[in-house]
Amino acid sequence: MTPQRKNDFSQGSIAKNILSLAIPLTVAQLTVVLYNVVDRAFIGHIDAVGRDAFTGIGLVMPATYIITAFANLCGTGGAPLFSIARGQGRDRRAAQIMGVSFTLLLLLGAVLTIGFYLFQTPFLYLVGGSDETVVHARDYLQIYLIGVIPVMIGLGMNPFINAQGFGKVGMTTTLLGAVINLILDPIFIFVLHMGVQGAALATVIAQTCSAVWVLLFLTGRKAVLRLDRESLGLDGPILRRVCGLGLTGFTFSITNSLVQALGNAQLQAYGGASGGDLYVAAMTAIVSVREIVFQPIRGLTQGAQPVIGYNYGAGRYSRVRESVRFLTAACLGYNVLVWALLLAFPRAFILLFNDDPGLLAVGVPAMRVYYAAYVMMSFQMIGQNTFVALGRAKSAVFFSLFRKVILVTPLLLLLPRLWGMGAYGVFAAEPVSDVIGGAACFITMMCTVWREMKRPDEPAPAPAGASLQE
């Protein structure tokens, strides 16, 4: 009973409950982002070939998003089911869920590795590569693919550590990899003169260390439930539920890959014979900055999910409303500050990755266009994660698809043709989708969830498992 009382989110300060979960999540997520962003920063400063090499890494990003998507499918789908089974006292069932998720990770990792090895060159041209940049992208990707299975184990199995209540151990997984990558990158790139291949090798070693750490813990004595041979396999019903629940995280990452690939291709098409690579490099820098500044918002919204869901299940609707109000104020406050900094100092952010005059000339105005309505992303994340917290997976998936597929994809194709915008129309697709998508998601949440939460608090909890039926 003690663990339940300790994690009773129907008591105490809402802000404290949310922040106690959000801060470790944010730290962990930022360190995951550092895997790729640190690589890009070092690669962008390689003498003579820095800009082309940096652009080449931008071509690899859609591949990394795809790999992350499949890791999320297993991790974000399996870990909540694992927690529910543990809460029901069905430890053997929980172990099976973890085993099925791990088996699926290994199979998907093997398929992705083989697929990218076979089709890496056409894939890199498809996502906006040129003869000058594909050579660097291929040098990086060929080594990076060695680490596909380790990175999927680290991302996909770490949630099972957190689900057992070992938050600090889970955070150490990502810190370990980030620190190793940060140390090895400059050694391999500049001291051993390995260039792009050195950056990829550093990442593979770091990811492997994280994966080993995760497996040692999950198979060790400190784990509440261990990953064992008996739990491995592909049980049909469990597999379907893992994939169904993991669809939200999968959709988020896979649509990021789609948008990044299409955006790069459009920039090549409208950037001109000599300017396409410059615009792709600018987009790579802009997206890299976004990955960093976005993580606190993701940490806040994901940290609020257990608090919102717990109070909804306990019938404490007034605390659900209070949680949403705090989340809205915190996200807006942070995003307004970030928004102002990005628009005021775009040059400083681009210089983190490369100091090429051509890149700065293109990148500074492009960044101001791209982030013109960034503050509206707060409303998208608040609405979408509130739907997730209340188990409304269909609504969450819809608004993720609505923004990235229904809005951004047509805008990427249409805006470059209008009013002579050209390549800058590709960057303009983002603020337009931020405004429409953010407003639609938040207003829908307010008209549905918020109205429901105005009912009086109830002493009885909601029926167990109802959130998984949608």
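Along every chain, residues carry numbers that run from 1 in the direction the sequence is written. In view of the model being predicted, local features appear only for residues whose pLDDT reaches at least 70, and side-chain atom pairs are presented and counted only at 80 or more, with totals across whole chains, interfaces and linings using the full set of residues. Neither water nor hydrogens contribute to the side-chain values; these are computed over all heavy atoms in the structure.

Participant: Just to check I follow, could you spell out the packing of helix α15 (residues 377–389) against helix α17 (residues 423–452) for this structure?
Facilitator: Angle between the axes and distance between the axes: these two values describe a pair of packed helices. Axis definition: a line fitted to C-alpha atoms, limited for helices to the stretch in contact. Angles are taken between N-to-C directions and run from 0 to 180 degrees. Counting from the N terminus, the helices are DSSP H or I runs at least four residues long and the strands are E runs at least two residues long. Direction vectors running N to C along α15 and α17 enclose 40°, while the axes themselves pass 7 Å from each other. Relative to α17, the element α15 is oriented oblique. Handedness of the α15/α17 crossing: left-handed. Facing α15, whose interface residues are M377, F379, Q380, I382, G383, Q384, T386 and F387, α17 presents D434, G437, G438, C441, F442, T444, M445, T448 and V449. Under this scheme an angle from 65 to 115 degrees is roughly perpendicular, one under 35 degrees roughly parallel, and one over 145 degrees roughly antiparallel; angles in between are oblique. Each crossing is labelled by how the near helix is turned from the far one, with a counterclockwise turn of less than a right angle marking it left-handed and a clockwise turn marking it right-handed. Contacts between residues were defined by any pair of non-hydrogen atoms, one from each residue, lying within 4.5 Å.

Participant: Looking at this structure, I do not really get the packing of aromatic side chains. What am I missing?
Facilitator: Centre-to-centre distance and the angle between the planes together describe a pair of aromatic rings. Between the rings of Phe, Tyr and Trp (Trp by its six-membered ring), a pair exists once the centres lie within 6.5 Å; its type follows the angle of the planes, with under 30 degrees stacked, over 60 edge-to-face, and the other angles tilted. Scanning all chains against the criterion turns up twelve aromatic pairs. A centroid spacing of 5.0 Å and a plane angle of 70° characterise the contact between F379 and F442, whose relative ring orientation is edge-to-face. With F379 in helix α15 and F442 in helix α17, the pair connects residues that are 63 residues apart, well separated along the chain. Ring plane angle 20° and centroid distance 5.8 Å describe the contact between F398 and F402, whose orientation is recorded as stacked. Linking F398 with F402, this pair stays in helix α16 (residues 393–414), spanning four residues, or about one helical turn. Buried means the residue's accessible area, taken with a 1.4 Å probe over protein chains only, is under 20% of the maximum for its type, while exposed means over 50%, and partly exposed covers the values in between. Using a relative accessible area of 41% as the deciding quantity, one classes F398 as partly exposed. Owing to a relative accessible area of 17%, F402 belongs among the buried residues under this scheme.

Participant: Teacher, can you tell me more about unusual backbone geometry here?
Facilitator: Only a minority of non-glycine residues have a phi that is not negative, and only a minority of peptide bonds are not trans. The phi dihedral of H193 falls on the positive side, at around 55°, and the residue is not glycine. Along the chain, H193 turns up in the loop between α7 (167–191) and α8 (195–218). Here the phi dihedral of W419 falls at roughly 55°; this positive angle occurs in a residue that is not glycine. Mapping W419 onto the fold places it in the loop between α16 and α17.

Participant: Teacher, can you tell me more about empty space enclosed by the protein here?
Facilitator: To find leftover empty space, a probe the size of one water molecule is rolled over the atoms. Buriedness of a pocket was judged along seven lines, with at least five required to meet protein on both sides within 12 Å; pockets are open sets of points on a 1 Å grid over the protein atoms alone, cavities are sets where a 1.4 Å probe fits but cannot get out, and lining residues have an atom within 4 Å of a point. Grid points are joined across faces, edges and corners, and a volume is the space filled by probe spheres set on the points. Counted under the stated rule, the structure contains two cavities of 30 Å³ or more. Within this model, the second largest cavity holds a volume of roughly 30 Å³. The residue classification treats Ala, Val, Leu, Ile, Met, Phe, Trp, Tyr, Cys and Pro as nonpolar and Asp, Glu, Lys and Arg as charged. All others, Gly included, are polar. Here the residues of the lining of the second largest cavity sort into three nonpolar, no polar and two charged.

Participant: What is the right way to look at helix α14 (residues 357–370) in this model?
Facilitator: Because an α-helix completes one turn every 3.6 residues, residues spaced three or four positions apart along the sequence face the same direction. The length a helix should cover is 1.5 Å for every residue beyond the first. Helix length check: α14 (14 residues) gives 20 Å between terminal C-alpha atoms against 20 Å at 1.5 Å per residue, within 8%. Where α14 bends most, the angle comes to about 30°, and this point is G363, followed within four residues by the proline P365. Listing the buried residues of α14 in full gives L359, L360, V362, G363, V364, A366, M367 and Y370. Consider a residue and the seven residues that end there alongside the seven that start there; fitting an axis to each set, the bend is the angle between those axes.

Participant: How do you make sense of a nonpolar patch on the surface when you look at a structure like this?
Facilitator: Patch criteria: residues need more than 30% relative accessible area and no salt bridge. Like-charged residues are merged within 9 Å; nonpolar side chains of Val, Leu, Ile, Met, Phe, Trp and Tyr are merged within 5 Å. Accessible surface area values rest on a Shrake-Rupley calculation with a 1.4 Å probe, where residue burial reflects the displayed protein chains alone. For salt bridges, the criterion is a side-chain nitrogen of Lys or Arg within 4 Å of an Asp or Glu carboxyl oxygen. Where nonpolar side chains cluster on the molecular surface, the patch consists of V179, I183, I187, F190, V191 and L192 and spans about 520 Å² of accessible area. By the element assignment, V191 lies in helix α7. Judged by relative accessible area, V191 falls into the exposed class, the value being 56%.

Participant: What is the right way to look at the state of the cysteines in this model?
Facilitator: The term disulfide refers to a covalent linkage connecting the sulfur atoms of a pair of cysteines. In plain terms, two cysteine sulfur atoms within 2.5 Å form what is called a disulfide here. For the structure shown, the criterion picks out zero disulfides. As a non-bridged cysteine, C74 has C243 as the owner of its nearest cysteine sulfur, 6.7 Å distant. On the basis of relative accessible area, C74 is assigned to the buried category, the value being 0%.

Participant: Can you walk me through the pattern of salt bridges in this structure?
Facilitator: A full pass over the atoms with the stated rule returns four salt bridges. When the shortest N-O distance is used, the salt bridge between R403 and D434 registers 2.6 Å. Residue R403 is located in helix α16, and its partner D434 is located in helix α17; the two are separated by 31 residues in the primary sequence. The exposure class assigned to D434 is buried, which follows from its relative accessible area of 1%.

Participant: How do you make sense of the nonpolar core when you look at a structure like this?
Facilitator: What we call a nonpolar core is a set of buried Ala, Val, Leu, Ile, Met, Phe, Trp, Tyr and Cys residues that are connected through their side-chain atoms within 4.5 Å. Grouped together as the largest cluster of nonpolar side chains are 136 residues, with contacts concentrated most on I43, Y140, M152, M157, L218 and F427. I180, F188, A202 and A206 belong to the second-largest nonpolar core, a separate cluster that totals five residues.

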